[in-house]
Amino acid sequence: PEIVWGLSDQWNLGLHFPLSYDRKANSTTLDGTKLRLHYLNVDAHGADSATFYGVNYEISAYSKRITESRYNAEIRGILGLRRGDWKFSANPILTRALSDNPDGKHVEFEVFGQALRSFGEDFAVGIEHYSSLGRLRDLTFGSQSGQTTYLVMEFKTARHFDIHLGIGHGWTSPTDRRVFKALIGLPF
């Protein structure tokens, strides 16, 4: 779950509670907390075209069960273009461990990309790709990097809930072979 407070038209503050579910044990676990400050600026170029850019700043505290570094910081760049029914975006991501761990306090680099096609105001489908390239000083490509591609759809319900669903395929050994994701936005 994530709770987000709008601070202005361009800034919001979010609090995340990452959860995981273990099928074998039939249990759900709270894996930590994350505080996020988000900035997004949209520059309209007409009725059907806009560029956008921004940044996320995140501080997280995770369970040792899911990561070697309990405390982490992340900066996520946001770059995008909306043109007609299409949206294209990219997110370069830098993550740094803030607590001691066996690998040291190095900076990790990831890249996220999305191409999404809208069909009306309340429905869209597209492709997302996540690349985990490892340490910034020693980037890893090919089979040793984390590569996952998702087929996604987004829609609004009659009660204005925002739903984002995806099924992903991990292409390399560091990633899970199949991943399902669901994001549900509840207006309040």
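Further up the page is the structure itself.
As the structure is a computational prediction, the values presented were derived from the model and not from experiment.

*Asks:* Describe the side chain of Asn56, naming the residues involved and giving the relevant values.
*Replies:* Following the sequence through the fold, Asn56 ends up in strand S6 (residues 49–62). By relative accessible area, which is 8% here, Asn56 ends up buried. Excluding its chain neighbours within four sequence positions, the residues that come into contact with Asn56 are Arg36, Leu37, His38, Glu74, Ile75, Arg76 and Ile78.

*Asks:* Any details on the packing of aromatic side chains? Residues and values, ideally.
*Replies:* Evaluated as defined, the whole model comprises five aromatic pairs. Both rings, one in Phe112 and one in Tyr130, keep their centres 4.6 Å apart while their planes meet at 45°; by these two values the pair is tilted. Note that Phe112 is positioned in strand S9 (residues 107–118) and Tyr130 in strand S10 (residues 123–135), a separation of 18 residues in sequence. The buried category is assigned to Phe112, whose relative accessible area is 8%. With a centroid separation of 5.5 Å and an interplanar angle of 80°, the aromatic rings of Tyr130 and Tyr150 are classed as edge-to-face. With a gap of 20 residues between them, Tyr130 in strand S10 and Tyr150 in strand S11 (residues 146–156) connect regions that are remote in the sequence. The exposure class of Tyr130 is partly exposed, given its relative accessible area of 31%. Three or more aromatic residues joined by ring pairs form one cluster here, namely Phe112, Tyr130 and Tyr150. Cation over ring: Arg117 sits above Phe119, and NZ or CZ is 4.6 Å from the ring centre. Looking at Lys181, its charged tip hangs above the ring of Tyr150, at a distance of 4.7 Å from the centre.

*Asks:* Help me get a handle on the pairing of S10, residues and values and all.
*Replies:* Looking along a regular strand, one sees the side chains alternate between the two faces of the sheet. Across 10 bridges, the pairing between S9 and S10 is antiparallel. Within S10, the residue paired with Arg117 across the bridge is Val125. Following S9, the chain reverses through four residues before pairing antiparallel with S10; Gly120 in that reversal takes a positive phi of roughly 90°. As judged from the 10 bridges shared by S10 and S11, these two strands associate in the antiparallel manner.

*Asks:* Break down the pattern of salt bridges for me, citing the residues and quoting the values.
*Replies:* Taken as a whole, this structure holds six salt bridges when the rule is applied. The shortest N-O distance in the salt bridge between Glu2 and Arg36 comes to 2.4 Å. One end of the pair, Glu2, is in strand S1 (residues 2–6); the other, Arg36, is in strand S5 (residues 32–46), and 34 residues separate them in sequence. When the shortest N-O distance is used, the salt bridge between Lys181 and Glu128 registers 2.4 Å. Of this pair, Lys181 sits in strand S13 (residues 178–185) while Glu128 is found in strand S10, placing the two residues 53 residues apart along the sequence. In this structure Lys181 comes out as buried when scored by relative accessible area, which is 19%. Residue Glu128 is classed as buried on the basis of its relative accessible area of 2%.

About the thresholds
- Residues numbered from 1 in each chain as written.
- Predicted model: local features only at pLDDT ≥ 70, side-chain atom pairs only at ≥ 80, totals over all residues.
- Heavy atoms only, no water.
- Helix = DSSP H or I, 4+ residues; strand = E, 2+ residues; numbered from the N terminus.
- Buried < 20%, exposed > 50% of the residue type's maximum accessible area, 1.4 Å probe, protein only.
- Contact = heavy atoms within 4.5 Å.
- Phe/Tyr/Trp six-rings, centres within 6.5 Å; stacked < 30°, edge-to-face > 60°.
- Lys NZ or Arg CZ within 6 Å of the ring centre and 35° of its normal.
- Pairing = 2+ DSSP bridges.
- Salt bridge = Lys/Arg side-chain N within 4 Å of Asp/Glu carboxyl O.

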